[in-house]
Amino acid sequence: MRIVLLGAPGSGKGTQAALLKEMYGIPHIATGDILRTEVAEGTELGGKAERYMNEGGLVPDDLILEMVEARVRRPDTRRGWLMDGFPRTLEQAEGLRIMTERIEQRVDAGVILNVDPEVVVRRLSGRRVCESCQAVTNVSEMRAGACPLCGGKLVLRPDDEPQVVRRRIEVFEQQTRPVFEYFREHYDVVDIDASKTVDQVTEALRRGLDRYDHS
Ligand code: AMP
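Presented here is a report on the structure given in the accompanying data block. (Residues numbered from 1 in each chain as written. Predicted model: local features only at pLDDT ≥ 70, side-chain atom pairs only at ≥ 80, totals over all residues. Heavy atoms only, no water.)

**Let's talk about the environment of glycine 80**
Okay, so step 1: With respect to the element layout, glycine 80 can be found in the loop between α4 (61-72) and β3 (81-84).
Okay, so step 2: Glycine 80 sits 78 residues away from arginine 2 along the chain, and the two C-alpha atoms are 4.9 Å apart. (Helix = DSSP H or I, 4+ residues; strand = E, 2+ residues; numbered from the N terminus.)

Below, the structure written as structure tokens:
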């Protein structure tokens, strides 16, 4: 099962991908998570990516395509994968199509998480990440400012600062939204209303994706 999750920042891609990964037993490949690890470890790629990330811009396509290909070639992807945060430009979408043909991995479907702009701003400005276990939570769920999973300290991601959020939404509208149409032309697409609650969205995804479960 090979699924690409598409949606604006704050549409719930990461939250839903973590749940779907458990449900279907396939790896969750999140380009943002891979990049944050590269930055934290101080690798060459991390050094190149950090500036773009902190400004709310996109990391150059060639770096992303190379990184994704290295990841999907790892042996744990034999039964499938769930892509989150990629592709974000038409060039990446074309790169994905060429790459999957070359390595003989067929994409089953794209999932588009549709969400209103006001919901995006509310979710991102309320998002906090645990410094210890990296769990993502929202101010509405915080208990006395601590991570609900491990009790660790919750912090704002540098790119969730309000002015960076505005820039990320602009970049999404200009560069990433056209990828939705690209997917509609080339792949099966499952449309989901992602303004609903986490449980409702997960249930809609399960219903929409069950026919691609080849396990
Ligand atoms: P995310 O966690 O998916 O919101 O990604 C965080 C940041 O990493 C983005 O704002 C970009 O700067 C960078 N990033 C993640 N995925 C990509 C991608 N596919 N192409 C370019 N930049 C990316």
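**Details of the environment of proline 178**
Okay, so step 1: Along the chain, the position of proline 178 falls in helix α7 (residues 162-186).
Okay, so step 2: Given a relative accessible area of 31%, proline 178 falls into the partly exposed group.
Okay, so step 3: Separated by 90 residues in sequence, proline 178 and arginine 88 place their C-alpha atoms 9.0 Å apart.
Okay, so step 4: With residues up to four places along the chain from it excluded, the contact list for proline 178 reads Leu90 and Glu173. (Buried < 20%, exposed > 50% of the residue type's maximum accessible area, 1.4 Å probe, protein only. Contact = heavy atoms within 4.5 Å.)

**So, the state of the cysteines**
Cysteine pairs can be covalently joined through their sulfur atoms, and such a bond is termed a disulfide.
Okay, so step 1: For the coordinates displayed, the defined rule picks out zero disulfides.
Okay, so step 2: Unpaired in this structure, cysteine 133 has its nearest cysteine sulfur neighbour in cysteine 150, at a distance of 3.7 Å.
Okay, so step 3: Overall, cysteine 133 belongs to the partly exposed group, its relative accessible area being 35%.
Okay, so step 4: Not engaged in a disulfide, the cysteine cysteine 147 finds its nearest cysteine sulfur in cysteine 133; these two sulfurs lie 3.8 Å apart. (Disulfide = S-S within 2.5 Å.)

**Some words on unusual backbone geometry**
Okay, so step 1: Note the cis peptide between phenylalanine 86 and proline 87, where omega equals 0 degrees.
Okay, so step 2: Mapping proline 87 onto the fold places it in the loop between β3 and α5 (90-102).
Okay, so step 3: Positive phi outside glycine occurs at glutamate 104, with the angle close to 55 degrees.
Okay, so step 4: Positionally, glutamate 104 belongs in the loop between α5 and β4 (109-114).

**Some words on the packing of aromatic side chains**
What describes a pair of aromatic rings is the distance from one ring centre to the other and the angle between the planes of the rings.
Okay, so step 1: Counted according to the given criterion, the structure contains three aromatic pairs.
Okay, so step 2: Consider the rings of phenylalanine 183 and tyrosine 187, whose centres lie 4.6 Å apart with planes at 35 degrees: the pair is tilted. Taken as a pair, phenylalanine 183 and tyrosine 187 share a single burial class, namely buried.
Okay, so step 3: Each residue in the set Tyr182, Phe183 and Tyr187 is aromatic and connected to the rest through ring pairs, giving one cluster.
Okay, so step 4: When the ring centre of tyrosine 52 is taken as reference, the NZ or CZ atom of arginine 51 above it lies at 4.8 Å. (Phe/Tyr/Trp six-rings, centres within 6.5 Å; stacked < 30°, edge-to-face > 60°. Lys NZ or Arg CZ within 6 Å of the ring centre and 35° of its normal.)

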